[in-house]
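Structural features, examined
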Amino acid sequence: EAGVAQSPRYKIIEKRQSVAFWCNPISGHATLYWYQQILGQGPKLLIQFQNNGVVDDSQLPKDRFSAERLKGVDSTLKIQPAKLEDSAVYLCASSLDPSARSYTFGSGTRLTVV
Amino acid sequence: GQQVMQIPQYQHVQEGEDFTTYCNSSTTLSNIQWYKQRPGGHPVFLIQLVKSGEVKKQKRLTFQFGEAKKNSSLHITATQTTDVGTYFCAGWSGAGSYQLTFGKGTKLSVIP
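What comes next is a walk through the structure.

A few words on the overall build of chain A. Within chain A, the secondary structure is distributed over zero helices and eleven strands. Along the chain direction, N to C, the helices and strands of chain A fall in the order β-β-β-β-β-β-β-β-β-β-β. A compact globule built from 114 residues would reach a C-alpha radius of gyration of about 13 Å, and chain A, at 13 Å, matches this within 12%. Projecting the C-alpha coordinates of chain A onto the three principal axes gives extents of approximately 35 × 25 × 25 Å. Counting over 114 residues, chain A shows a buried share of 46%. Look at the contacts in chain A between residues 6 or more apart in sequence, and 53% of them connect residues 24 or more apart. Taken as a whole, chain A presents about 5600 Å² of accessible surface, with 50% of it coming from carbon and sulfur. Here chain A contributes 13 positively and 10 negatively charged side chains, and the mean placements of these two sets differ by 5 Å.

Shown next as structure tokens:
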């Protein structure tokens, strides 16, 4: 089966600019997650979708981050405006449902804010 | 909130030596998962442990879940250069919450 697709693979922007990341989960996976992985740390959940509804966005910095999954398939994560501390790898993961035994991660988008 | 801690942060071993990483949670977990992330790669699921005291093996890898379901370990016997990467544990507290909380990982280097 095809994996979780993410784009772009790399992105370099200046602080205060905006950026968007795209994720296409595995077909049939109802649950989609966005994680932020800062260098040297473990992934941190930003937001979890079940179909097109938000299940958990408690750790999403809502003043600058937003995410949507309008049709319950693809998802986009946006940062506006970006700060230096947003430099990280943004990982998208999907699972069949919230109680699924494992998540499948995409290759991630490496964001550098200069 | 739930915290998952891993030690050591780094481990350098000679090829052929054993390696162990430990994971501790501040709360009781309904299950724990282990992931491996190769340099420049993304986390890849290895295994999930659910039962108290559970032990699972995958070739040279042995995973354990503590009796109190608050700690876990991953042991690699006779490391190989292909084992290089960062190993993460991730805990799921359950009780209606499906948020997976990752530890900071243990970065394994294998010296040939």
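Note: interface size is frequently given as the accessible area lost on complex formation between the parts. Facing the 22 residues of chain A at the interface are 16 residues of chain B. Summed over both partners, the interface of chain A with chain B buries about 1600 Å², with 51% contributed by carbon and sulfur atoms. Summed over the shared surface of chain A and chain B, the result is zero salt bridges. At the boundary of chain A with chain B, the tally comes to three residue pairs in polar contact (both at pLDDT 80 or more). Elements with a contribution of two residues or more to the side of chain A that touches chain B: β4 (31-37) and β5 (44-50) of chain A. Its residues assigned to classes, the side of chain A that touches chain B comprises eight nonpolar, eleven polar and three charged.

All names here are of chain B. Its location among the elements puts Thr-81 in the loop between β8 (71-76) and β9 (85-94). Thr-81 gets classed as partly exposed once you look at its relative accessible area, which sits at 38%. Between the C-alpha atoms of Thr-81 and Val-110, which are 29 residues apart in sequence, the distance is 5.5 Å. With residues near it in sequence (within four places) discarded, Thr-81 still touches Glu-15, Val-110 and Pro-112.

Our focus in this paragraph is the state of the cysteines. Each disulfide consists of one covalent bond between the sulfur atoms belonging to two cysteines. Residues and elements named next belong to chain A. Here the structure, examined in full by the defined rule, presents two disulfides over all chains. What pairs with Cys-23 in a disulfide is Cys-92, and their sulfur atoms sit 1.9 Å apart. Of note, the bridge from Cys-23 to Cys-92 carries an S-S torsion of about -70° and is left-handed in sense. Pair noted here: Cys-23 is in strand β3 (residues 19-24) and Cys-92 is in strand β9 (residues 88-95), with a separation of 69 residues, a long-range link. No difference in accessibility class separates Cys-23 from Cys-92, as the two residues are buried.

It is worth spelling out unusual backbone geometry at this point. Of note, the bond from Ser-7 of chain A into Pro-8 of chain A is cis; its omega dihedral lies within 30 degrees of zero at -5°. Looking at the secondary structure, you find Pro-8 of chain A in the loop between β1 (5-7) and β2 (10-13). With omega at -5°, the peptide bond leading from Gln-80 of chain A into Pro-81 of chain A counts as cis. Mapping Pro-81 of chain A onto the fold places it in the loop between β8 (75-79) and β9. Despite not being glycine, Lys-69 of chain B has its phi angle at roughly 55°, a positive value. In this fold, Lys-69 of chain B is placed in the loop between β7 (61-65) and β8. Relative accessible area serves as the criterion here: at 19%, Lys-69 of chain B is assigned to the buried category. Non-glycine residue Ala-78 of chain B carries a positive phi angle of around 50°.

Another aspect to go through is the pairing of strand β11 (residues 106-111) of chain B. Residues and elements named next belong to chain B. Because side chains alternate across β11, one face comprises the buried residues Thr-106, Leu-108 and Val-110, and the other comprises Lys-107, Ser-109 and Ile-111, none of which is buried. The pairing of strand β2 (residues 10-14) with β11 spans five bridges and is classified as parallel. For Val-13, the partnering residue across the bridge sits in β11 and is Val-110.

Procedures and definitions
Residues numbered from 1 in each chain as written. Chains lettered and ligands numbered in written order. Predicted model: local features only at pLDDT ≥ 70, side-chain atom pairs only at ≥ 80, totals over all residues. Heavy atoms only, no water. Helix = DSSP H or I, 4+ residues; strand = E, 2+ residues; numbered from the N terminus. Rg over C-alpha atoms; globule rule 2.2 N^0.38 Å. Buried < 20%, exposed > 50% of the residue type's maximum accessible area, 1.4 Å probe, protein only. Contact = heavy atoms within 4.5 Å. Areas by Shrake-Rupley, 256 points an atom, 1.4 Å probe, with all protein chains shown as cover. Lys, Arg positive; Asp, Glu negative; His and termini not counted. Charge placed at Lys NZ, Arg CZ, Asp CG, Glu CD. Buried area = accessible area lost by both parts, 1.4 Å probe. Salt bridge = Lys/Arg side-chain N within 4 Å of Asp/Glu carboxyl O. Polar contact = N/O pair within 3.5 Å; in protein donor to acceptor, adjacent residues only side chain to side chain. Nonpolar A, V, L, I, M, F, W, Y, C, P; charged D, E, K, R; others polar. Disulfide = S-S within 2.5 Å. Pairing = 2+ DSSP bridges.

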